[in-house]
Amino acid sequence: MNSQNIYILGIESSCDDTAAAVIHNGKILSNIIASQKIHEEYGGVVPELASRAHQQNIVPVVDQALKKAGITKDKLSAVAFTKGPGLMGSLLVGTSFAKSLAYGLNIPLIDVNHMQAHILAHFIDEEGFEKPPFPFLAMTISGGHTQIVKVNNHFDMKVIGETIDDAVGEAFDKSGKLLGLGYPAGPEIDKRAKLGNPKAFKFSKPKVDGLNFSFSGLKTAILYFIQREVKNNPNFIEENLNDICASIQYTIIGILTDKLKKASKETGIKHIAIGGGVSANSGIRQALKDGETKHGWTTYIPKFEFTTDNAAMIAIVGYLKYLEKDFASQNVMATARLKI
Ligand code: KG4
Ligand code: ZN
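Residues numbered from 1 in each chain as written. Chains lettered and ligands numbered in written order. Predicted model: local features only at pLDDT ≥ 70, side-chain atom pairs only at ≥ 80, totals over all residues. Heavy atoms only, no water.

K.L.:
Explain the site of ligand 1 residue by residue, including any values.
P.N.:
The environment of ligand 1 is made up of 18 residues, and the closest members are Gly143, Asp173, Asp190, Gly277 and Asn281. Here an oxygen atom of ligand 1 sits 2.8 Å away from a polar atom, N or O, in the main chain of Gly143. Between ligand 1 and Asp190 there is a distance of 2.9 Å, counted from a nitrogen atom to a side-chain nitrogen or oxygen. The fraction of the free accessible surface of ligand 1 (550 Å²) that becomes covered by protein chains is 87%. Where the shell around ligand 1 is concerned, the elements lending two or more residues are α4 (168–178) and α5 (186–193). In the shell around ligand 1, the residues fall into five nonpolar, 10 polar and three charged. (Near = heavy atom within 4 Å. Polar contact = N/O pair within 3.5 Å; in protein donor to acceptor, adjacent residues only side chain to side chain. Areas by Shrake-Rupley, 256 points an atom, 1.4 Å probe, with all protein chains shown as cover. Helix = DSSP H or I, 4+ residues; strand = E, 2+ residues; numbered from the N terminus. Nonpolar A, V, L, I, M, F, W, Y, C, P; charged D, E, K, R; others polar.)

K.L.:
Explain the domain arrangement of the protein to me, using residue names and the numbers behind them.
P.N.:
With domains assigned, the protein is organised as domain 1 (7–123 + 307–323) and domain 2 (136–301). With centres defined by C-alpha atoms, the gap from domain 1 to domain 2 works out at 28 Å. For the domain 1 and domain 2 pair, buried surface summed over both sides reaches about 1600 Å², with 73% attributable to carbon and sulfur atoms. When the buried surface of domain 1 facing domain 2 is broken down by residue, Met115, Ile119 and His122 rank first, second and third, together holding 35% of it. At the boundary of domain 1 with domain 2, the tally comes to zero salt bridges. Seen at the junction of domain 1 and domain 2, the total is three residue pairs in polar contact (both at pLDDT 80 or more). Those elements that place two or more of their residues in the side of domain 1 that touches domain 2 are α3 (114–120) and α9 (312–323). If you tally residues by element for the side of domain 1 that touches domain 2, the top one is α3, at six residues. Its residues placed into classes, the side of domain 1 that touches domain 2 shows eight nonpolar, nine polar and three charged. (Domains from an automatic or database assignment. Buried area = accessible area lost by both parts, 1.4 Å probe. Salt bridge = Lys/Arg side-chain N within 4 Å of Asp/Glu carboxyl O.)

K.L.:
If you had to explain α9 to someone new, which residues and values would you point to?
P.N.:
End to end, α9 covers 17 Å across 12 residues, agreeing with the expected 16 Å (1.5 Å per residue, within 8%). Among the 12 residues of α9, 11 are classified as buried, and the element is accordingly described as predominantly covered. Listing the buried residues of α9 in full gives Ala312, Met313, Ile314, Ala315, Ile316, Val317, Gly318, Tyr319, Leu320, Lys321 and Leu323. Buried-residue contacts for α9 involve β1 (7–12), β2 (17–24), β3 (27–35), β4 (78–84), β5 (109–113) and α3. Looking one or two residues past α9, Lys325 carries a phi angle of roughly 55 degrees, positive in sign. (Expected span 1.5 Å × (residues − 1). Buried < 20%, exposed > 50% of the residue type's maximum accessible area, 1.4 Å probe, protein only. Contact = heavy atoms within 4.5 Å.)

K.L.:
Got a sec to walk through the packing of helix α6 (residues 216–232) against helix α7 (residues 236–267)? Specific residues and values, please.
P.N.:
Look at α6 against α7: their axes get within 12 Å of each other, and the N-to-C directions meet at 160 degrees. Here α6 lies roughly antiparallel to α7, going by the angle between them. The two elements α6 and α7 cross, and the hand of that crossing is right-handed. The residues of α7 that touch α6, namely those facing Leu218, Ile222, Phe225, Ile226, Glu229 and Val230, are Phe236, Ile237, Ile244, Ile248, Thr251, Ile252 and Ile255. Considering only residue class, the contact of α6 with α7 consists of 11 nonpolar, one polar and one charged. (Axes fitted to C-alpha atoms, helices over the stretch in contact; angles between N-to-C directions. Parallel < 35°, antiparallel > 145°, perpendicular 65-115°, else oblique. Left-handed = near helix turned anticlockwise from the far one by under 90°.)

K.L.:
Could you give an account of the layout of surface pockets, with specific residues and numbers?
P.N.:
By volume, the second largest pocket amounts to about 540 Å³. Considering the residues around the second largest pocket, the lining is formed by 27 residues, among which Tyr250, Thr251, Ile253, Gly254 and Thr257 are closest to the centre. For the lining of the second largest pocket, the secondary-structure elements that each account for two or more residues are α7 and α8 (282–295). In terms of residue class, the lining of the second largest pocket is built from nine nonpolar, 11 polar and seven charged. (1 Å grid on protein atoms, 1.4 Å probe; cavity = no way out; pocket = protein on both sides within 12 Å on 5 of 7 lines; lining within 4 Å. Points joined across faces, edges and corners; volume = space filled by probe spheres on them.)

K.L.:
Quick one: what's the story with the packing of aromatic side chains, residue by residue and with numbers?
P.N.:
Within the structure shown, the criterion is met by nine aromatic pairs. Ring plane angle 15 degrees and centroid distance 5.5 Å describe the contact between Phe123 and Phe134, whose orientation is recorded as stacked. Taken together, the positions of Phe123 in the loop between α3 and β6 (136–141) and Phe134 in the loop between α3 and β6 put the pair 11 residues apart, joining distant regions of the chain. Given a relative accessible area of 8%, Phe123 falls into the buried group. (Phe/Tyr/Trp six-rings, centres within 6.5 Å; stacked < 30°, edge-to-face > 60°.)

K.L.:
Give a detailed account of α6, specifying residues and quantitative values.
P.N.:
Here α6 contains 17 residues, and its C-alpha end-to-end distance of 25 Å stays within 8% of the 24 Å for a straight helix at 1.5 Å per residue. Residues of α6 that are buried in the fold lie against α4 and α7.

K.L.:
Which residues make up the pattern of salt bridges, and what values go with them?
P.N.:
Within the structure shown, the criterion is met by 16 salt bridges. The salt bridge involving Arg52 is made with Glu48; its shortest N-O contact spans 3.1 Å. Placement of both Arg52 and Glu48 in helix α1 (residues 47–69) is noted, with a separation of four residues, approximately one turn of the helix. Ionic pairing is found between Lys131 and Asp125, a salt bridge with its closest N-O pair at 2.4 Å.

What follows is the structure, encoded as structure tokens:
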């Protein structure tokens, strides 16, 4: 492999985080992220506000990423950016910025698929983190995505299962909203679940064919359950919050691991990697570890800062594509519904 002095700037702006990172060969030099607090008051991402915040944040975030990396922009070999999938208004900011910068510096432009990037984040050189061998299964779980992907090679990936409605992170966040928790509720549910009984309340798992997922039924089941219980006891939520959180989390983990087991069985692949914000969940991490003893899996969980939306994952894909000379033209367009 060619590994001279290759510096790539990665830019991510697909949802509500404005992020920039610099990678030198395979190693991350800086990974800067500006999260947008504004959405907390609305209990979810407001696309119009996200685009505006990206426009305010993009230059300072890129500037900080270059400074932290200790380089000036004339050292850059290429600019990589998220082409999609994501919110169109958000993607347009990163795409336009990346195009202009690459044009101004007269260096290659590299378009990156955000979902591939979540998976390829495993290939960042990082001490103490092993890279999964091909082929492996990748489960990407976040507020925007829920997929199981068969990864044959860096750029040969096949989605073998995905959600037909809500993403798993939404299941956490919407359940949390029903319980009066703040947004995003995933981390709080996780914290409370550790103190509660996962079998206190039973929620049925959806019946979905193949390796696909569904989470919207669970949200409705939780809504009706809460309404019913609160009618009998107005203090039901406060009195049982930890048990409710533990039971919801237990159900969600069951839904995810059932499909993962099925995917591993059907493909015969036992190397399992996860990514996305929900992979921070302690119950999911434990379930994967249990799979190592129960099913002979080898599991891979990237460093936390590379699992949530970030630009380091965009930069590593930029680097891998740079080595292949796989560049984008200046006509490239942001694509909200980009497939793997
Ligand atoms: O990857 P991410 O930062 O952004 C995207 O959605 O792409 O993921 C955010 C999601 C939110 O839904 C949040 O509630 C969830 O990840 N999350 C968690 C935990 N930490 C973050 N869900 C469950 N347990 C956690 N510890
Ligand atoms: Zn993401």
